[in-house]
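The primary structure of each chain is shown beneath.
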Amino acid sequence: MTAAWRAHKKGAYFANPCFTQIHPTCIPVSGDYQSKLTLMSESLRNDGRIWVPKNPNDTRPPNQIPEEERDYYLERMYPSFANLVPRDVASRAAKRMVDAGYGVGPLKNGVYLDFKTAIERLGRSVIEQRYGNLFDMYENIAGENPYEVPMRIYPAVHYTMGGLWVDYNLMSNLPGLFVLGEANFSDHGANRLGASALMQGLADGYFILPTTIAGDLAPQLNTPVPSTDSPAFREAEEGVREQINRLLSIKGSRSVDSFHRELGKLMWDYCGMARNAEGLKHARQRIAELREEFWKDVKVLGEGESLNQSLEKAGRVADFFELAELMCQDALHREESCGGHFREEYQTPDGEAQRDDEHFAYVAAWEYCGPGKDAKLHKEDLVFEYVHPTQRSYK
Amino acid sequence: MLSGTRARGVQPLRQRRVRPRIWIPDFYGSAVGKKAVMAVTGIVLLGFVLVHMLGNLHLYEGAEKMNWYGEYLREIGEPILPRTGLLWIVRSVLILAFALHIHAAYSLTVMNRQSRKTKYQGGRDYIAANYAARTMRWSGVIVGLFVIYHLMDLTWGMGGADFTKGEPYQNVVASLSRWPIAGVYIVANLLLGMHIYHGAWSLFQSLGWSHPRFNHWRRVFAAAFAAIIVIGNVSFPIAVLTGIVE
Amino acid sequence: MSTLNLTLKVWRQAGPNDPGRFEVYEANGINEDMSFLEMLDVVNERLIAENKEPIAFDHDCREGICGSCGMVINGVPHGPKKLTTTCQLHMRNFKDGDTIVVEPWRATAFPVIKDLVVDRSAFDKIIQAGGYITAPTGAARDANSILIPKQIADQAFDAAACIGCGACVAACPNGAAQLFTAAKIAHLNLLPQGQPERWSRTVAMVDTMEEYFGSCTNYAECEAVCPKGISIEFIAKMNRDYLKAKFKDRRAVVKVDMTEAAG
């Protein structure tokens, strides 16, 4: 992320940052210290049934809650696709249930993914063959045995479809800067399917780039690489030194991690699964304030000449503030719901995403205009010749 | 935060020679090659230790049979080879095997000491590395020193006991009747057993002989071989001390 | 979800030339659902609040697949749980009142940079010597056009599971890197694409490995601590391939100037 952002600050356009994919089956947060939410493979939804207790104050262990007191809410809300609805639909549904107070687990921040029916129907050995290593991983992390009690899951941010803008040769708007894989914005548009991150990395690196980079490199044969004395390099080096010295000299009272967590919570609350104009404006304002506070009050111990992980983190978090502001700006300006970007004001009566292809069928490529300033929008219109976008339904 | 991105500072501990060499010394120049040589020389030594133990079972057949056996070893190969000719060929092979086994072990020990200059300060809790494996150098050195004493004792007659050339039966009884010496023989053979327990399994890995079909049997082979050698060799001092052989 | 009160003895070392020492920290109120690294994060936040420099340690994915994290916990690389990296070790594996000793990987070829962070670029040198295949440029051919029997593909996959964390070197009483090198060699030597350079690769990678690390005397401690369960069968295969390269297929081994390769 840091490399892409630094390229953006030097002039590379950042495209579609608001399209973020939430994965519905992650292990829920177990405490404030959580550094990583481990993904449970989506294949689990093939056989698991998602439910919450009908009574929000039900504190019984799940195996003691009888069938008629369980709300299999996906099966109820989406009869034809049930537990197999797409990620964003499943994620929003889970958030709705937990926000309404039906969450399960010690922090009431998850929903159940239950394999009891599947084990009864197929037998434990079949389930073990299909999901053995996933069940082991879950037990290792959560300390509960999914063969005997239901798994607890909750959505978490998983992938960003946005990234640096590139053309069909994978070159950004800066000549000679090629961007591959999840660092760029291409291939996925506003949403993506499972395992496509690996696929994109391979496709970009194995199939596309070996052919397209030749077009850029061939005319440069025998051109010497600029030395570290060149003005551009020295300017960049000075900039980095200045930032490092600045971060080290603030000597404030708050650790880098505390800023990181507060920023993350803001983004999850206001620029997460479901967004609205008021929330996004509030978030932008709060992020700007937090960014100011960071540059006045961050505490980075140690010095800059040897390995210093706090300094490294501080540099990254400094970039994250600006990225967060851009994400909110992009989400605010895109007045429709599309793919991984859901605006509460723009949904169908069924709660499905409502696109506005007339006004928003374009890639939003943003140009950096300085810290705290609005980025400048460049539109790349999307033209669909053979397959035209329609409205999906999972009823 | 991969450390590789900061990497620059590691220098090799040792440089490989660039001048091309003849392929066998070149092969021995590598650690993998040395281990393969240790495995092959180990096989030779295992073969010897087994035949030696089996041959010495003649002790239980009485003085006449045992002394005949000693003489037989010197006559075998006649008339094609002179007397003790074949015996000296076998001894030369053994000396070469010992020399290579020991030299390789020594070089590898030096290499391995250099590879961890700062030891673990907080202690280590081994999971798979068993006691036999971790004491190979010690059991090897002690067995090596014992071999020299054994030659002094029962081949050259310098071991301090009554010695008559050509009468191995009586020499064995005379030497092993001294219980401290019998104790030395027993301890040395127990160490030899440990050395074989790891070595006879390790040689398969060093030579690349590994397949799921027989891998389990490698351990069985090593344990059985060690047991047979130890039981056989330890029986001799015990037999002499308890009067079974006198 | 109970809490633990622990005593940590952590290796602190300001830089490569600092002799370093153990420091004792009280880690109280540790939630048993925390991972080991999250526990260290909590300890670090407390240290920062006391204006003390936090403990430096390598980490990245925090889900057991990148190979960045690694520390010797109570004398075992990656700690007490089999087939588990440090980042996937959860505190419920410890008891209230435990003392935990934490030390970096120790090997001459892995110099300590700071605290628990070591320089593992020696592994990169081994990979640079031959852990790749030479492929033609231009249009990529269809991957499915090369036939590979499933058993071979599965075996190569098992070898490719190696994440290069270095626990094998840390565990080995000889400081040898055979398990890593064997895994990297095997995963290419087993596949059709790896055949053209099979013998050169084996010799170059083994020779480079021997410039930095110790020799294997078959303790099998490496296999026991490997978080990905790499088998010592691959070491036997590497030895076999090395023997073949040196005896049977000598002409196929391209002589490489090792001083340049090591550069």
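Per an unreviewed UniProt entry, chain C goes by the name succinate dehydrogenase and belongs to Tepidiforma flava.

Let us now look at the overall build of chain B. In terms of regular secondary structure, chain B is built from nine helices and zero strands. Counting from the amino terminus, chain B carries its helices and strands in the arrangement α-α-α-α-α-α-α-α-α. Expressed along its principal axes, the backbone C-alpha trace of chain B runs to roughly 75 × 45 × 40 Å. When the 246 residues of chain B are sorted by exposure, 41% land in the buried category. Intrachain contacts of chain B at a sequence separation of at least 6 include 68% that bridge at least 24 residues. Total accessible area computed for chain B in this model is approximately 13,600 Å², and 69% of it derives from carbon and sulfur atoms. Positive and negative side-chain charges of chain B, numbering 25 and 11 respectively, have mean locations separated by a distance of 28 Å.

How big an interface is tends to be reported as the loss of accessible area on association of its parts. Contacts between the two partners involve 71 residues from chain C and, on the opposite side, 59 residues from chain B. Of the roughly 5,300 Å² buried between chain C and chain B on both sides combined, carbon and sulfur atoms contribute 54%. A per-residue breakdown of the area chain C buries against chain B is headed by Thr108, Asn218 and Tyr219 of chain C, which together make up 12% of the total. Where chain C packs against chain B, one counts two salt bridges. As a salt-bridge pair, Asp26 of chain B and Lys246 of chain C come within 2.8 Å of each other at their nearest N and O atoms. Where chain C packs against chain B, one counts 34 residue pairs in polar contact (both at pLDDT 80 or more). It is helix 8 (residues 233–247) of chain C that contributes the most residues to the side of chain C that touches chain B, nine residues altogether.

This next bit is on the sheet that holds strand 2 (residues 21–31) of chain C. Residues and elements named next belong to chain C. The strand order across the open sheet formed by five strands is 2-1-5-3-4, and the pairing between neighbours is mixed. At either margin of the open sheet sits one strand with a lone partner, and together these are strand 2 and strand 4 (76–77). For strand 1 (residues 3–12) and strand 5 (residues 99–103), the ladder comprises four bridges, and the chain directions are parallel. Paired with Thr7 across the bridge in strand 5 is Thr99. The sheet contacts of helix 1 (residues 36–49) involve strand 1, strand 2, strand 3 (72–73) and strand 5, and relative to strand 2 the element is tilted by about 105°.

It is worth spelling out helix 1 (residues 2–9) of chain A at this point. All names here are of chain A. Within helix 1 the residues assigned to the buried category are Thr2, Ala4, Trp5, Ala7 and His8. Next to the buried residues of helix 1 lie strand 1 (14–15), strand 7 (163–164), helix 10 (309–333) and strand 10 (362–367). Once helix 1 finishes, Gly11 follows within two positions and takes phi at roughly 125°, a positive value.

All names here are of chain A. In space, the four strands of this open sheet follow the order 7-1-10-11, with antiparallel pairing throughout. Here the strands that pair on one side only, and so sit at the sheet edges, are strand 7 and strand 11 (376–381). Judged from the six bridges that link them, strand 10 and strand 11 form a sheet pairing that is antiparallel. Across the sheet, Ala365 pairs through a bridge with His378, a residue of strand 11.

In terms of nonpolar packing, the biggest core is built from 81 residues, with Ile196 of chain B together with Phe110, Phe123, Val169, Leu179 and Phe213 of chain C touching the most fellow members. For this core, the leading source of residues is helix 2 (residues 31–56) of chain B, giving eight residues. Taken domain by domain, the makeup of this core includes at least three residues from each of domain 1 (3–114) and domain 2 (120–135 + 145–262) of chain C. Setting aside anything within four residues of it in sequence, one finds Phe110 of chain C in contact with Trp105, Val118, Asp119, Arg120, Phe123, Gly166, Val169 and Phe213 of chain C. Core analysis: the second largest hydrophobic core is formed by 57 residues, Ala190, Leu311, Val317 and Ala375 of chain A among them.

Let's shift gears to the packing of aromatic side chains. Following the criterion strictly, the structure yields 27 aromatic pairs over all chains and no others. Summarising the aromatic geometry, the rings of Phe204 of chain B and Phe221 of chain B are spaced 5.7 Å apart at their centres and angled 85° between planes, so their arrangement reads as edge-to-face. One end of the pair, Phe204 of chain B, is in helix 8 (residues 179–206); the other, Phe221 of chain B, is in helix 9 (residues 215–241), with 17 residues separating them in the sequence. Geometrically, the ring pair formed by Tyr212 of chain C and Phe213 of chain C is tilted, given 6.5 Å between the ring centres and 50° between the ring planes. Residues Tyr212 of chain C and Phe213 of chain C agree in their burial class; the two are buried. Looking at Arg106 of chain C, its charged tip hangs above the ring of Trp11 of chain C, at a distance of 4.4 Å from the centre.

Residue and element names in this part refer to chain B. Between its first and last C-alpha, helix 6 (residues 136–154) extends 26 Å over 19 residues, near the 27 Å set by a 1.5 Å rise per residue. Within helix 6, burial applies to Met136, Ser139, Val143, Phe146 and Asp153. Taken down its axis, helix 6 places every buried residue within 105° of arc, on the same side. The inward-facing, buried residues of helix 6 abut helix 5 (131–134), helix 7 (168–176) and helix 8.

Of the residues in chain B, 94% reach a pLDDT of 70 or more, and the chain-wide mean stands at 91. Segment residues 1–7 of chain B: pLDDT under 50, and 22 contacts once partners within four positions in sequence are set aside and those in other chains are kept.

Let us look at the side chain of Thr181 of chain C. Counting through the fold element by element, Thr181 of chain C comes out in helix 5 (residues 178–189). Residues in contact with Thr181 of chain C, not counting those within four places in the same chain, are Ile126, Met205, Met209 and Met238 of chain C.

Our focus in this paragraph is the environment of Ser35 of chain A. The residue Ser35 of chain A is located in the loop between strand 2 (20–26) and strand 3 (49–53) in this model. Exposure remark for Ser35 of chain A: the relative accessible area of 34% places this residue in the partly exposed category. Once the C-alpha coordinates of Ser35 of chain A and Val85 of chain A are considered, the two residues, 50 residues apart in sequence, prove to be 28 Å apart. For Ser35 of chain A, the residues in contact, after removing those within four places along its chain, are Glu38, Asp41 and Arg62 of chain C. In terms of polar contacts, Ser35 of chain A uses its side chain to reach the side chain of Arg62 of chain C, at 2.9 Å.

On to the pairing of strand 5 of chain C, then. Residue and element names in this part refer to chain C. Burial runs high along strand 5: four of the five residues are buried. Note: strand 3 against strand 5, two bridges, orientation antiparallel. Its bridge partner being in strand 5, Ile73 is matched across the sheet by Val102.

Definitions and cut-offs
- Residues numbered from 1 in each chain as written.
- Chains lettered and ligands numbered in written order.
- Predicted model: local features only at pLDDT ≥ 70, side-chain atom pairs only at ≥ 80, totals over all residues.
- Heavy atoms only, no water.
- Helix = DSSP H or I, 4+ residues; strand = E, 2+ residues; numbered from the N terminus.
- Buried < 20%, exposed > 50% of the residue type's maximum accessible area, 1.4 Å probe, protein only.
- Contact = heavy atoms within 4.5 Å.
- Areas by Shrake-Rupley, 256 points an atom, 1.4 Å probe, with all protein chains shown as cover.
- Lys, Arg positive; Asp, Glu negative; His and termini not counted.
- Charge placed at Lys NZ, Arg CZ, Asp CG, Glu CD.
- Buried area = accessible area lost by both parts, 1.4 Å probe.
- Salt bridge = Lys/Arg side-chain N within 4 Å of Asp/Glu carboxyl O.
- Polar contact = N/O pair within 3.5 Å; in protein donor to acceptor, adjacent residues only side chain to side chain.
- Pairing = 2+ DSSP bridges.
- Axes fitted to C-alpha atoms, helices over the stretch in contact; angles between N-to-C directions.
- Core = buried A, V, L, I, M, F, W, Y, C linked by side-chain atoms within 4.5 Å.
- Domains from an automatic or database assignment.
- Phe/Tyr/Trp six-rings, centres within 6.5 Å; stacked < 30°, edge-to-face > 60°.
- Lys NZ or Arg CZ within 6 Å of the ring centre and 35° of its normal.
- Expected span 1.5 Å × (residues − 1).
- Arc of directions from axis to C-beta.
- pLDDT = per-residue confidence, 0-100.

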